[in-house]
Each structure stands twice: as C-alpha cells, then as structure tokens.
Amino acid sequence: MPAFPRTRLRRNRQTDWSRRLVRENRVTVDDLIWPVFVVNGDTPRVPIPSMPGVERLSLSALVDAAGQAAELGIPALAIFPVIDPAHKTLDGAHAGDPDNLVCRAVRAVKAAVSDVGVICDVALDPFTTHGQDGLLVDGEIVNDPTLEALARQSLNQAAAGCDVIAPSDMMDGRIGFIREALDEAGYQRVQILSYAAKYASAFYGPFRDAVGSRKALGGGDKRTYQMDPANGDEALREVALDIEEGADMVMVKPGMPYLDIVRRVKEQFGLPTYAYQVSGEYSMLMGAAERGWLDGPAVMLESLLAFKRAGADGVLTYAAVDVARRLKAG
Ligand code: PBG
C-alpha cells in the first residue's frame, strides 16, 4: 500500500467552479450598513485625514450619497452628525432639538430616497462639551438621569423619521427605557439596534477626529460605561439584558478584534447580530493600502468575509459603497 493520503482536502480546491461550489460564506450587498458623517454648511465633501476615502458630507451631498447607496442595494445607512461647537453644552440638550443636524439629515434622506433604512446613534457625545455619551455630574457619568436624555433624543429622532434607533451609550437599562418611551409615543414600529457589547476601545480614534469629539473628550475615556476589552462572558450578559429589554438586533463593536464575541453572541442568542468595523480598523487597512503595503480591496473583502464566517448577519463598514460597487461589478 503506498502511503498516499486518502483524504485530500485540496481536491475540492482545484478549480474556481469547485471552490465556488463548496464555499460556506459569502459577502453580499445585503450585509452592508454604511456609516456616514454629515456636517453643516455648503461644502459638499470634506475629507477626513485619518480615514482615507471617507468624507464629511453636506446635507445635499448626503442625500445624493444615500440615493447612490440605495441604488446599489445597500439596505441601510447610519448617520453621524458633526455638531457645531456652538451647539454643544454640558448636558447635550441639542440632541433633543427637532431642528438639529441629525433630524434634518433624516428628514432629507427620507424625503428623497425610498427603500433605504436610516439608523441613528443614540448617545450624547456629539452634543456635549465634554464628549462623553452621558451626563457628567461631579466627574461621574450618571446613569439614570442620562436615560431621560437618551429617551428624549430617541423620540426626537423617531419623530424625524428615523427607522432604527441605535443606542451606543452603554448606560444600564437604556434599551428598556427607550423602548417604553417609543411605545408610549406611538413609535411601536421603530426598531432598536443595540450597541449591546461595546468596548472601551482605542480603535475609535479616527471616528472621534471625524465628529470632533476627540478634542472635547481631552484626556478623558469611557471606561466607566463601555466594556473592558478583557471581558467576554460579560458581553453575553449585556446582550441578554438588551434582548430582555426589547432590542430587535444587537451589535458587537469593534469588529475584527472581537470576532470571538460575535461568534458567542450569535451562537447563544441567534438574533440578528451585527459587527461594527470601526474607524480604526478601516483606517489600518486603508492607510496601509495607501502606502502600497496591502491590497486594499482584497483585505477589505477578506475582513468582511471573516465577519460573516464568525456569524455576523451584517457589518457596519465605511467601505460599504466601494464594496457594493465591486460586488456588483463581479
Ligand atoms: C459614539 C460612537 C462612537 C463610535 C460610534 N458611536 C465613538 C465612541 O464611543 O467614542 C465609534 C465608531 C468608529 O470608531 O467607527 N457613542
């Protein structure tokens, strides 16, 4: 008997047709959620130096971009406002103003584009002078008073026509509190995508540049409410609570360094689970690609595939439009 291997896994890999036939996971346009930055003023597009290829969009550029995204088949956008410092206060009250930039952006997109979901972040950081997601009292981010402010912000965004409320603040009890406020006001149809397991991560740096909260935050951090990157079991408790409180979908954030969490959440709860490929992850790939160190499109697609393999139902990625175009081109 010659000592040849009986099982040869390479057999299925010989040809393109065979590789396609045995492929377990795929990235499609339906997996993509596109986070976008909107800014006041008439300059249509302002580049963000720490996020190659990403721009802050004016309202009208946002409407154009949303139209393009919808045409490509991208299911949803997540809108992030760059708030004028003049509107920032200690208590972030502008979050509840029906004429703030987020609300105007939601109304503009909803009026112009059908068939695209609009997701809004719920957290006070774009609106506070200190850049924290909650109310700051005597050096502490106070939980329960913050819930009131978050509910006000949620109702304000729902009234503007937002489809999905996405609390990213990590206060305890906020999903239940917001769900109740939405239901009482007649917004039973508004979905909640909870940033259920959101870590106190250093990968958010470029995002904070983009929305101008890095300077506001100063030397501060968010470790008293965002999760410790060392913890995994705790993420499951966070997700369990958010489901109990009424989350329709959950998110793990950041993405690639936390694929183990994505897998555990999906396996344990089986509900729609998303991963956020955050700004720092995006910039690592694109920054290296810019220098010619990596093949940008290839590493991006491989990363998105990894999210799918880990069990994610979709990914928030700044590369959504690029990826959708490439998928379409085949
Ligand atoms: C705000 C918020 C942050 C991100 C999304 N929503 C930053 C933070 O928590 O400081 C980060 C997204 C990214 O880095 O791409 N609550």
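Residues numbered from 1 in each chain as written. Predicted model: local features only at pLDDT ≥ 70, side-chain atom pairs only at ≥ 80, totals over all residues. Heavy atoms only, no water.

Visitor: Is there a simple way to explain the pairing of strand 1 (residues 32–39) in this structure?
Guide: For a regular strand, side chains alternate in direction, first toward one face of the sheet and then toward the other. Counting buried positions along strand 1 gives eight out of eight residues, so the element sits mostly inside the fold. Residues L32, W34, V36 and V38 line one face of strand 1 and the alternating positions I33, P35, F37 and V39 line the opposite face, and both faces are buried. As defined by bridge partners, strand 1 adjoins strand 4 (residues 76–82) across seven bridges and the pair is classed as parallel. Each bridged residue has a counterpart across the sheet, and for W34 the counterpart in strand 4 is L77. Pairing of strand 1 with strand 3 (residues 55–57), which is carried by two bridges, proceeds in the parallel orientation. If you follow V38 over to strand 3, its bridge partner there is L57. (Buried < 20%, exposed > 50% of the residue type's maximum accessible area, 1.4 Å probe, protein only. Helix = DSSP H or I, 4+ residues; strand = E, 2+ residues; numbered from the N terminus. Pairing = 2+ DSSP bridges.)

Visitor: Sorry, what's going on with the site of the ligand here?
Guide: By nearness alone, 18 residues border the ligand, and K198, R208, K253, S279 and Y318 come closest of all. Between the ligand and K222, the relevant distance is 2.8 Å, taken from an oxygen atom to a side-chain nitrogen or oxygen of the residue. Here an oxygen atom of the ligand and a side-chain polar atom of Q226 are 3.0 Å apart. Because more than half of its atoms lie within 2 Å of the grid, the ligand is assigned to the largest cavity. Partitioning the shell around the ligand into residue classes produces eight nonpolar, three polar and seven charged. (Near = heavy atom within 4 Å. Polar contact = N/O pair within 3.5 Å; in protein donor to acceptor, adjacent residues only side chain to side chain. 1 Å grid on protein atoms, 1.4 Å probe; cavity = no way out; pocket = protein on both sides within 12 Å on 5 of 7 lines; lining within 4 Å. Sits in = over half its atoms within 2 Å of the grid points. Nonpolar A, V, L, I, M, F, W, Y, C, P; charged D, E, K, R; others polar.)

Visitor: I keep staring at the nonpolar core and nothing clicks. Help me out?
Guide: One recurring pattern in soluble globular proteins is that nonpolar side chains are buried together. Counting residues in each nonpolar core, the largest one holds 106 residues, and the members touching the most others are W34, F37, I79 and Y276. In contact with W34, other than residues within four places in its own chain, are A65, A69, I74, A76, L77, A78, T317, Y318, A320 and V321. (Core = buried A, V, L, I, M, F, W, Y, C linked by side-chain atoms within 4.5 Å. Contact = heavy atoms within 4.5 Å.)

Visitor: Looking at this model, I keep getting lost on a nonpolar patch on the surface. Mind explaining?
Guide: A grouping of W17, L21 and V22 is seen on the molecular surface, where their side chains present a nonpolar patch of about 370 Å² in accessible area. Tracing the chain through its elements places W17 in helix 1 (residues 16–22). Residue class for W17 comes out exposed when judged on its relative accessible area of 56%. (Patch = residues over 30% accessible without salt bridge, like charges linked within 9 Å, V, L, I, M, F, W, Y side chains within 5 Å. Areas by Shrake-Rupley, 256 points an atom, 1.4 Å probe, with all protein chains shown as cover. Salt bridge = Lys/Arg side-chain N within 4 Å of Asp/Glu carboxyl O.)

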